[in-house]
Amino acid sequence: MARTHRIPANVYVLAVCQSLSVSCTLFLGLLGGIIGAAIAPSAGLATLPVSCGIVGTAITTIPAALLMQRLGRPRAFAIGGIIAAMAGLLAAAAIAAGNFALFCCAGFGIGAHMAFAQHYRFAAAESVIPARVSQAISVVLLGTLLAALLAPGLATQSADWMASSRYSASFLVVSLLALGAAMLVQFAAPATQPADFRSEPTRPLRSIVSQPRFLVAVISAAVGYGVMSFIMTATPISMHVMDGHSLDDTAWVIQSHVLAMYLPSFFSGALIRRFGPRRMMLAGIAANIACIALGLTGRGIHDYWGALVMLGIGWNFLFVAGTTMLTTCYNSSERFRVQAANDFAVFSASAAGSFAAGSVLHTWGWQGVQLAAAPGLVLILTALILIRSDTDSKSPGVRVSGIRSAD
């Protein structure tokens with residue numbers, strides 16, 4: 001697709017697809033732990049369905065990228081949507097039968113779909129000139145605002161649509177949302193163009209991942225995602241199951257968190273262009289520290305709300321800055337391998353955080369969750385201090401011999 005100085009229309013269509021796909025994961029994130037607490041064989045396994053979703057994303061990142069390269073983005077996105085639609089049907093059946101193992105398998109499928117949906121932001125980046133990459137990524141992430149506004153309410157309202165099986169109808173809605181994204185994205189995703197590959201050199205993956213810029217980008221996005229998943233996965237159980245807050249209040253906190261994750265995208269792209277990814281990563285660390293501080297103050301509704309809002313802001317700065325920096329590390333012929341490696345690292349960290357959430361919460365409580373998140377922030381800060389070279393560019397850079405380099 002031709003690149004222009006303006007954000008093209010297909011990027012906004014990708015943003016709508018993002019909202020539909022993320023809604024599927026919001027349903028799982030909000031309801032998965034609550035359903036798990038009701039049907040899991042032990043309390044420590046309550047968050048396992050949510051964790052299986054993140055594991056599904058991590059494991060599927062490389063196959064999804066290979067399918068993007070082999071079949072083109074439109075067909076690969078369609079495959080991802082079909083996977084989620086089938087997983088939604090499986091989840092509805094599992095809930096009706098009270099089958100925890102089957103529900104975990106459904107969570108895995110919903111997560112596998114997100115491995116495909118994560119490429120919306122890369123498809124947007126490929127639709128614009130290098131100087132507009134951070135803005136295109138931000139536009140796609142803004143699509144999640146619609147999901148944040150509608151999905152939590154829709155998830156709770158649809159919970160009782162089937163009198164015989166609470167929450168089954170919610171996952172039938174997941175199937176419809178996934179199919180909608182699969183159809184709409186056919187009008188938006190740029191197809192793979194092999195001609196691009198023949199015109200540019202391809203370096204060994206070892207050479208690419210050893211770049212200081214790549215290492216900082218991946219650490220920022222992966223640890224930021226891991227910390228976010230760790231705290232967010234624990235929140236519904238801590239609020240609704242342990243502290244007795246209503247499902248509506250829990251949904252409001254999660255909704256506010258997701259809004260805080262994506263509302264900064266209105267300006268985070270411009271801030272990255274002005275101040276550079278590295279400074280925005282430092283801002284993301286500061287927001288996460290504020291999350292921990294607020295989380296330690298109490299367990300009232302507004303205590304949860306403040307912590308989760310700051311968590312969302314911190315995630316946005318770390319993830320958008322990391323993704324923007326990542327796009328400067330590869331050329332077109334290398335993009336699928338590098339994107340797969342990045343997303344595998346990101347969602348492996350996210351899966352680890354989600355898996356740990358249930359056991360840490362069950363053993364040490366909500367405050368223990370907050371304290372356990374701190375080492376991840378120290379890791380990002382250490383990387384920024386030790387790996388300073390080639391990481392201070394304020395823009396995605398320009399192409400030199402087919403490879404984006406810092407100005």
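All values reported here derive from a predicted model rather than from experimental measurement.

**Student:** Please set out the overall build of the chain residue by residue, giving values where relevant.
**Tutor:** Across its full length, the chain holds 16 helices and 2 strands. On C-alpha atoms alone, the chain measures out to a radius of gyration of 20 Å, which is about the 22 Å that the 2.2 N^0.38 rule sets for 407 residues. Each principal axis of the C-alpha atoms in the chain carries an extent, and together these give about 60 × 40 × 35 Å. Across the chain, contacts joining residues at least 24 apart in sequence account for 85% of those joining residues at least 6 apart.

**Student:** Can you break down the packing of aromatic side chains residue by residue, with the values?
**Tutor:** Applying the stated criterion to the full structure yields 8 aromatic pairs. With 5.6 Å between their ring centres and 90 degrees between their planes, Phe 103 and Phe 171 make a pair best called edge-to-face. Separated by 68 residues along the polypeptide, Phe 103 in helix H4 (residues 100-117) and Phe 171 in helix H8 (residues 168-184) bring together distant segments of the chain. Accessibility assignment for this pair places Phe 103 and Phe 171 in one class, buried. Measuring from centroid to centroid gives 5.0 Å for Tyr 225 and Phe 347, while their planes differ by 55 degrees, and the two rings are tilted.

**Student:** Help me get a handle on the pattern of salt bridges, residues and values and all.
**Tutor:** Taken as a whole and assessed by the stated rule, the structure comprises 6 salt bridges. For Arg 203, the salt bridge goes to Glu 334, with nearest N and O atoms at 2.9 Å. Of this pair, Arg 203 sits in the loop between helix H9 (194-198) and helix H10 (205-209) while Glu 334 sits in the loop between helix H15 (301-326) and helix H16 (335-386), placing them 131 residues apart in sequence. Accessibility expressed as a relative area gives 22% for Arg 203, which makes it partly exposed. It is possible to trace a salt-bridge network through shared partners that takes in Arg 73, Glu 126 and Arg 335.

**Student:** Talk me through helix H7 (residues 144-157); I want residue IDs and the actual numbers.
**Tutor:** Helical geometry: 3.6 residues make up each α-helical turn, so side chains three or four residues apart lie on a common side. In this model, H7 (14 residues) spans 20 Å end to end at C-alpha, consistent with the 20 Å of a helix rising 1.5 Å per residue. Remark: the principal bend of H7, roughly 35 degrees, maps to Leu 150, with a proline, Pro 152, within the next four residues. Listed in full, the buried residues belonging to H7 are Thr 144, Leu 145, Ala 147, Ala 148, Ala 151, Pro 152, Ala 155 and Thr 156. In the core, the buried residues of H7 are packed alongside helix H1 (9-39), helix H6 (133-142), H8, helix H12 (247-262) and helix H13 (265-275).

**Student:** Tell me about the state of the cysteines, residues and numbers included.
**Tutor:** For the coordinates displayed, the defined rule picks out 0 disulfides. Of all cysteine sulfurs, the one in Cys 24 lies closest to Cys 17, which takes part in no disulfide; the gap is 12 Å.

**Student:** Before we move on, could you go through empty space enclosed by the protein and cite the residues and values that matter?
**Tutor:** Taken as a whole and assessed by the stated rule, the structure comprises 3 cavities of 30 Å³ or more. Of the voids in this model, the largest cavity is the one considered here, and its volume is about 470 Å³. Around the largest cavity sit 32 residues that line it, and Thr 25, Met 114, Tyr 225, Met 228 and Met 232 are the ones nearest its centre. When residues of the lining of the largest cavity are traced back to their parent elements, those giving at least two are H1, helix H2 (48-71), H4, helix H11 (212-242), H12, H15 and H16. For the lining of the largest cavity, the element with the highest residue contribution is H1, accounting for 7 residues. Looking at the lining of the largest cavity, its residues break down into 20 nonpolar, 11 polar and 1 charged.

**Student:** An account of unusual backbone geometry is requested, with residue identities and associated values reported.
**Tutor:** Backbone geometry places Tyr 167, a non-glycine residue, at a positive phi of 85 degrees. Its place among the elements puts Tyr 167 in the loop between H7 and H8.

**Student:** Go over the environment of Ala 178 with me, naming the residues and quoting the values.
**Tutor:** Looking at where Ala 178 falls in the secondary structure, it is placed in helix H8. Measuring from C-alpha to C-alpha, the distance between Ala 178 and Ala 123 comes to 18 Å, with 55 residues separating the pair along the chain.

**Student:** Tell me about the side chain of Gln 339, residues and numbers included.
**Tutor:** The topology assignment puts Gln 339 in helix H16. On the basis of relative accessibility, which here comes to 1%, the residue Gln 339 falls in the buried class.

**Student:** Please give an account of the side chain of Arg 121 that cites residues and values.
**Tutor:** Relative to the assigned elements, Arg 121 resides in helix H5 (residues 119-125). The exposure class assigned to Arg 121 is buried, which follows from its relative accessible area of 1%. In terms of polar contacts, Arg 121 uses its side chain to reach the side chain of Asp 343, at 2.9 Å. In contact with Arg 121, other than residues within four places in its own chain, are Ile 137, Val 140, Phe 319, Thr 323, Asn 342 and Asp 343.

**Student:** Report on the confidence of the model for the chain, specifying residues and quantitative values.
**Tutor:** Any residue range with low pLDDT should be treated as having predicted coordinates unsuitable for detailed reading. Looking at the chain, pLDDT values average 85 and 91% of them are 70 or higher. Across residues 192-198 the pLDDT falls below 50, and counting only partners more than four positions away or on other chains, this stretch makes 14 contacts in the model. Across residues 391-407, confidence stays below pLDDT 50; counting only partners more than four residues off in sequence or on other chains, it has 56 contacts.

**Student:** Provide a residue-level description of the packing of helix H3 (residues 73-97) against H8, including the pertinent values.
**Tutor:** Across the interface, H3 lies against H8 with an axial gap of 8 Å and an inter-helix angle of 175 degrees. When the axis of H3 is compared with that of H8, the two are roughly antiparallel. Judged by residue contacts, Phe 77, Ala 78, Gly 81, Ala 84, Ala 85, Gly 88, Leu 89, Ala 91, Ala 92, Ile 95 and Ala 96 of H3 engage Ser 168, Phe 171, Leu 172, Val 174, Ser 175, Ala 178, Leu 179 and Ala 182 from H8. Partitioning the contact of H3 with H8 into residue classes produces 15 nonpolar, 4 polar and no charged.

**Student:** Residues and numbers for the packing of H1 against H4, please.
**Tutor:** Contact geometry for H1 and H4: axes closest at 10 Å, N-to-C directions at 160 degrees. The angle between H1 and H4 places the two elements in the roughly antiparallel class. Viewed along their axes, H1 and H4 form a crossing whose handedness is left-handed. Residue-level contacts link Gln 18, Ser 21, Val 22, Cys 24, Thr 25, Leu 28, Gly 32, Ile 35, Gly 36 and Ile 39 of H1 to Phe 100, Phe 103, Gly 107, Ile 110, His 113, Met 114 and Ala 117 of H4.

Conventions and cut-offs
- Residues numbered from 1 in each chain as written.
- Predicted model: local features only at pLDDT ≥ 70, side-chain atom pairs only at ≥ 80, totals over all residues.
- Heavy atoms only, no water.
- Helix = DSSP H or I, 4+ residues; strand = E, 2+ residues; numbered from the N terminus.
- Rg over C-alpha atoms; globule rule 2.2 N^0.38 Å.
- Contact = heavy atoms within 4.5 Å.
- Phe/Tyr/Trp six-rings, centres within 6.5 Å; stacked < 30°, edge-to-face > 60°.
- Buried < 20%, exposed > 50% of the residue type's maximum accessible area, 1.4 Å probe, protein only.
- Salt bridge = Lys/Arg side-chain N within 4 Å of Asp/Glu carboxyl O.
- Expected span 1.5 Å × (residues − 1).
- Bend = angle between axes of the 7 residues up to and from the residue.
- Disulfide = S-S within 2.5 Å.
- 1 Å grid on protein atoms, 1.4 Å probe; cavity = no way out; pocket = protein on both sides within 12 Å on 5 of 7 lines; lining within 4 Å.
- Points joined across faces, edges and corners; volume = space filled by probe spheres on them.
- Nonpolar A, V, L, I, M, F, W, Y, C, P; charged D, E, K, R; others polar.
- Polar contact = N/O pair within 3.5 Å; in protein donor to acceptor, adjacent residues only side chain to side chain.
- pLDDT = per-residue confidence, 0-100.
- Axes fitted to C-alpha atoms, helices over the stretch in contact; angles between N-to-C directions.
- Parallel < 35°, antiparallel > 145°, perpendicular 65-115°, else oblique.
- Left-handed = near helix turned anticlockwise from the far one by under 90°.

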